[in-house]
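Listed below, chain by chain, are the residues.
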Amino acid sequence: MSHARLDPSWEQKKVYAPKNIDQICRLPSTNETTCPHLIFYASQTDADTEIGRLVATLHTLDLVKSTLLVFTTDNGPEDSAGFKNAAGSAGPFRGQKRSLYEGGHRLPFIAHMPDTIPSNTVDHSTISGADWLPTVAKMAGIDLPESISSTLSGQDISSILVSNATATPRAKPLMWDWQINVSGPCWNRAPRMAIRAGPYKLLQNPDKSRTELYNLDAVTQDKKREYFEAQNLAGQTEMQATVTRLSDAVMSWWNQLPNTTSSPMTGCESFPLPVEGS
């Protein structure tokens, strides 16, 4: 559904509406709704129905066991602070769409291929959309030429899918550069760059301001994973070697990127206060 107009019918929306929907949600002049969750729920239900039709057809054609079905998305939920029609949630994660905190890019990935992918299994390995090409090529028995495979930032993670095996450690860290302002609450506004290597994730700006380091495998005092990225380790003496290693790696990568113009407030967490008397 990403980046497409969500336009479920009024009948689809009414399933999730309160009894007095016509009084509180419906705009009779345009037949639109002021309740964004109705559009969200109805659109998700419609997508589920259509995916069900696809799966049923694969069964009818006896193709379901030779077809890899994957459900995922491209970013975290939209921020309701800036977009009134947003209704999604990032759950326990800090950040939303456009943020380099986990809520902005940590996504569901559901794969289905009977007799090839074990059912009812959950894996927490670090994988990326960049892994898609080498993984699908491997599962299809296609050898990518060296001229292509040597340029890929992703890697084959098919062993996780087909055997629930532990993933091979990433040959390259995952890196991001976000050049546009992030809307919404201040805690969603991440630095411009990020790098993930093993359990550690470092964020910083190109001038090395706002350096933040998190151990995403750490367990907090209430026995929960450190998903909210609240415990910044960058200032700890014993973590300086890790900070330097990851900072040098992401800066080397960033310096090779094409020159582009970024928004003036990218990576900024400070905002001017109103002038007294204005």
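Undergrad: Can you lay out the overall build of the chain for me, pointing to particular residues and giving the numbers?
TA: Of the regular secondary structure elements, the chain holds eight helices and eight strands. The buried share of the chain, reckoned over its 278 residues, is 30%. Pairs at least 24 apart in sequence give 54% of the contacts found in the chain among residues at least 6 apart. Entry remark: accessible area of the chain is about 17,300 Å², with carbon and sulfur atoms responsible for 55%.

Undergrad: Could you give an account of the environment of Glu-226, naming the residues involved and the relevant values?
TA: Secondary-structure assignment places Glu-226 in the loop between strand 8 (212–215) and helix 8 (240–254). With a relative accessible area of 4%, Glu-226 lands in the buried category. In the structure, Glu-226 is positioned 11 residues away from Asn-215 in sequence and 7.2 Å away in space, judged by C-alpha atoms.

Undergrad: Talk me through helix 3 (residues 36–60); I want residue IDs and the actual numbers.
TA: With 25 residues, helix 3 extends 36 Å from end C-alpha to end C-alpha; this agrees with the ideal 36 Å at 1.5 Å per step. Among the residues of helix 3, those classed as buried are Leu-38, Ala-42, Ser-43 and Leu-58. Downstream of helix 3 by one or two residues, Asp-62 has phi in the positive range, about 60°.

Undergrad: Kindly report on the pairing of strand 8, identifying the contributing residues and their values.
TA: Residues Glu-212 and Tyr-214 line one face of strand 8 and the alternating positions Leu-213 and Asn-215 line the opposite face, and both faces are buried. Relative to strand 8, strand 7 (residues 200–204) runs antiparallel, the two being bridged by four bridges. Considered in strand 8, the bridge of Lys-201 is made with Tyr-214.

Undergrad: I'd like a rundown of the environment of Ser-158, residues and numbers included.
TA: Mapped onto the fold, Ser-158 is located in helix 7 (residues 158–163). The exposure class of Ser-158 is buried, given its relative accessible area of 7%. Along the sequence, Ser-158 and Ile-117 sit 41 residues apart, while their C-alpha atoms lie 9.5 Å from each other. Residues within four places of Ser-158 in sequence aside, it is in contact with Thr-135, Lys-138 and Met-139.

Undergrad: For the sheet that holds strand 6 (residues 193–197), give the residues involved together with the corresponding values.
TA: One open sheet holds the four strands; their spatial order is 5-6-7-8, and the pairing between them is antiparallel. Lying at the two open borders of the sheet, with one neighbouring strand each, are strand 5 (174–177) and strand 8. Strand after strand, the sheet turns through a mean of 10° between neighbouring axes, direction not considered.

Undergrad: Any chance you could break down helix 5 (residues 132–139) for me, citing the residues and the numbers?
TA: Within the sequence span of helix 5, burial applies to Pro-134, Thr-135 and Ala-137. Each buried residue of helix 5 lies within a common arc of 165° when the element is viewed along its axis, so the set occupies one face. For helix 5, the secondary structure elements touched by its buried residues are helix 7. Where helix 5 terminates, the next one or two residues include Gly-141, which has phi positive at roughly 75°.

Undergrad: Tell me what's going on with the pairing of strand 6, and back it up with residues and numbers.
TA: Across the five residues that make up strand 6, a large majority, five, are buried. Residues of strand 6 alternate between two faces, with Met-193, Ile-195 and Ala-197 on one and Ala-194 and Arg-196 on the opposite face, all of them buried. Summarising the sheet, strand 5 and strand 6 pair through four bridges and their orientation is antiparallel. Residue pairing for strand 6: Leu-174 is matched across the bridge by Arg-196. Looking at chain direction, strand 6 and strand 7 are connected through five bridges and run antiparallel.

Undergrad: Can you lay out the side chain of Asn-215 for me, pointing to particular residues and giving the numbers?
TA: Tracing the sequence through the fold places Asn-215 in strand 8. There is a polar contact of 3.0 Å between the side chain of Asn-215 and the backbone nitrogen of Asp-217. Excluding residues within four positions of it along the chain, Asn-215 makes contact with Pro-199, Tyr-200, Glu-226 and Leu-233.

Undergrad: Please give an account of the pattern of salt bridges that cites residues and values.
TA: Applying the stated criterion to the full structure yields 10 salt bridges. The partner of Glu-78 in a salt bridge is Arg-98, with the nearest N and O atoms 2.6 Å apart. Of this pair, Glu-78 sits in the loop between strand 3 (69–71) and helix 4 (102–105) while Arg-98 sits in the loop between strand 3 and helix 4; the two residues are 20 residues apart in sequence, bridging distant segments of the chain. In this structure, Arg-210 and Glu-212 form a salt bridge, with 3.4 Å as the shortest nitrogen-oxygen distance. Across the pair, Glu-212 and Arg-210 agree in class, each one buried.

Undergrad: Explain the nonpolar core to me, and be specific about the residues and the numbers.
TA: Proteins that are soluble and globular tend to have nonpolar side chains buried together. Membership of the largest hydrophobic core is limited to 12 residues, which are Met-193, Ile-195, Ala-197, Leu-202, Leu-213, Leu-233, Ala-234, Met-239, Val-243, Leu-246, Val-250 and Met-251. When residues of this core are traced back to their parent elements, those giving at least two are strand 6 and helix 8. A total of four residues in this core trace back to one element, the largest contributor, which is helix 8. Those residues in contact with Leu-246 that lie beyond four places of it in its chain are Ile-195, Ala-197, Tyr-200, Leu-202 and Leu-213. With seven residues, the next largest nonpolar core counts Leu-100, Tyr-101, Leu-203 and Tyr-214 among its residues.

The rules we used
Residues numbered from 1 in each chain as written. Predicted model: local features only at pLDDT ≥ 70, side-chain atom pairs only at ≥ 80, totals over all residues. Heavy atoms only, no water. Helix = DSSP H or I, 4+ residues; strand = E, 2+ residues; numbered from the N terminus. Buried < 20%, exposed > 50% of the residue type's maximum accessible area, 1.4 Å probe, protein only. Contact = heavy atoms within 4.5 Å. Areas by Shrake-Rupley, 256 points an atom, 1.4 Å probe, with all protein chains shown as cover. Expected span 1.5 Å × (residues − 1). Pairing = 2+ DSSP bridges. Axes fitted to C-alpha atoms, helices over the stretch in contact; angles between N-to-C directions. Arc of directions from axis to C-beta. Polar contact = N/O pair within 3.5 Å; in protein donor to acceptor, adjacent residues only side chain to side chain. Salt bridge = Lys/Arg side-chain N within 4 Å of Asp/Glu carboxyl O. Core = buried A, V, L, I, M, F, W, Y, C linked by side-chain atoms within 4.5 Å.

By themselves, these observations are geometric and do not establish any function.
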